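Here are the chains, one letter per residue:
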Amino acid sequence: MAEPVPPVARIVDALRRHTGDECFACGRANPIGLHLDDFDIRGDDVVATFNARDDLQGTIGNLHGGIAATALDEILVWAGILQEQVLSVTGKLELRYRRPVGVSGMVDLRARVEERRGNRLVISGSLDAGDGARSVTAKGLYLVSHTIAEIMEATGLQEGAEASR
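K.L.:
Explain the environment of Leu76 residue by residue, including any values.
P.N.:
Mapped onto the secondary structure, Leu76 falls in helix α2 (residues 65–84). Owing to a relative accessible area of 0%, Leu76 belongs among the buried residues under this scheme. Sequence separation between Leu76 and Gly118 is 42 residues; the distance between their C-alpha atoms is 17 Å. Other than its neighbours up to four places away in sequence, Leu76 contacts Leu93, Ala111, Ile123, Ser124, Gly125, Ala138, Lys139, Gly140 and Tyr142.

This is the structure in structure tokens:
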């Protein structure tokens, strides 16, 4: 019988502890980071948000394309974490920029695991500027590096996860 998966907040906290909360994309302790947060699972999608600040712009008033790519890469990894309980690294990432994203307000991210074959995940996602229209879409191949159970154990949260069952 498979072990129950800890709630989203416990997994997010464990991974932030594991990385020292310094991740450029989701770390809260990184002063120049994106600070992706509000991770959740809604239907078949993993979702998160970040604030598109002025210091993240490329052309005047628009989010830099590399920042959009970073945010999408991150949410695709989080889909693997929360849907398949694995940490992965990017093998290949394809993006389609559909329209500019402004640097004034919250950006919505969503992703889902489309397919898993052994240690390979195909994950797709999108970045939306808050009005529901797709601004950037992504699809990638991700390679499993660790299980979430291994990380939970390494951070000492496995006992807490068992106690919350």
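Now that the structure has been shown, we can carry on.
K.L.:
Give me the nonpolar core: which residues, what numbers.
P.N.:
With 44 residues, the main nonpolar core has Phe39, Phe50, Leu63, Ile75, Trp78, Ile81 and Leu127 as its most contacted residues. Those elements that place two or more of their residues in this core are α1 (8–19), β2 (45–52), α2, β3 (86–97), β4 (105–117), β5 (120–128), β6 (134–147) and α3 (148–154). Broken down by element, this core gets its largest block of residues, eleven residues, from α2. Once residues within four sequence positions are removed from consideration, Leu127 is found in contact with Phe50, Ala68, Ala71, Leu72, Val101, Val107, Asp108, Leu109, Arg134, Ser135 and Val136.

K.L.:
Describe the state of the cysteines, listing the residues and the values that go with them.
P.N.:
Counted by the stated rule, this structure contains zero disulfides. With no disulfide partner, Cys23 has as its closest neighbouring cysteine sulfur the one in Cys26, 3.8 Å distant. Note on Cys23: relative accessible area 23%, which makes it partly exposed.

K.L.:
Break down the side chain of Thr49 for me, with residues and values.
P.N.:
Relative to the helices and strands, Thr49 is located in strand β2. Residues in contact with Thr49, not counting those within four places in the same chain, are His35, Leu36, Asp37, Asp38, Met106, Val107 and Asp108.

K.L.:
An account of the pairing of β6 is requested, with residue identities and associated values reported.
P.N.:
Both β3 and β6 contribute to a ladder of eleven bridges, which runs antiparallel. Bridging across to β6, Lys92 finds its partner in Leu141. With nine bridges joining them, β5 and β6 adopt antiparallel strand pairing. For Asp128, the partnering residue across the bridge sits in β6 and is Arg134. Taken together, β5 and the strand that follows it, β6, pair antiparallel across an intervening segment of five residues, in which Gly130 is found at a positive phi of about 100°.

K.L.:
Give a detailed account of the packing of α1 against α2, specifying residues and quantitative values.
P.N.:
Two elements in contact, α1 and α2, have axes whose closest approach is 11 Å; the angle formed by their N-to-C orientations is 125°. In terms of orientation, α1 lies oblique with respect to α2. For the crossing formed where α1 meets α2, the hand is right-handed. Packed against α1, whose contacting residues are Val8, Ile11, Val12 and Leu15, the element α2 presents Trp78, Ile81 and Leu82 at the interface. Grouping the constituent residues of the contact of α1 with α2 by class yields seven nonpolar, no polar and no charged.

Basis of the calculations
Residues numbered from 1 in each chain as written. Predicted model: local features only at pLDDT ≥ 70, side-chain atom pairs only at ≥ 80, totals over all residues. Heavy atoms only, no water. Helix = DSSP H or I, 4+ residues; strand = E, 2+ residues; numbered from the N terminus. Buried < 20%, exposed > 50% of the residue type's maximum accessible area, 1.4 Å probe, protein only. Contact = heavy atoms within 4.5 Å. Core = buried A, V, L, I, M, F, W, Y, C linked by side-chain atoms within 4.5 Å. Disulfide = S-S within 2.5 Å. Pairing = 2+ DSSP bridges. Axes fitted to C-alpha atoms, helices over the stretch in contact; angles between N-to-C directions. Parallel < 35°, antiparallel > 145°, perpendicular 65-115°, else oblique. Left-handed = near helix turned anticlockwise from the far one by under 90°. Nonpolar A, V, L, I, M, F, W, Y, C, P; charged D, E, K, R; others polar.

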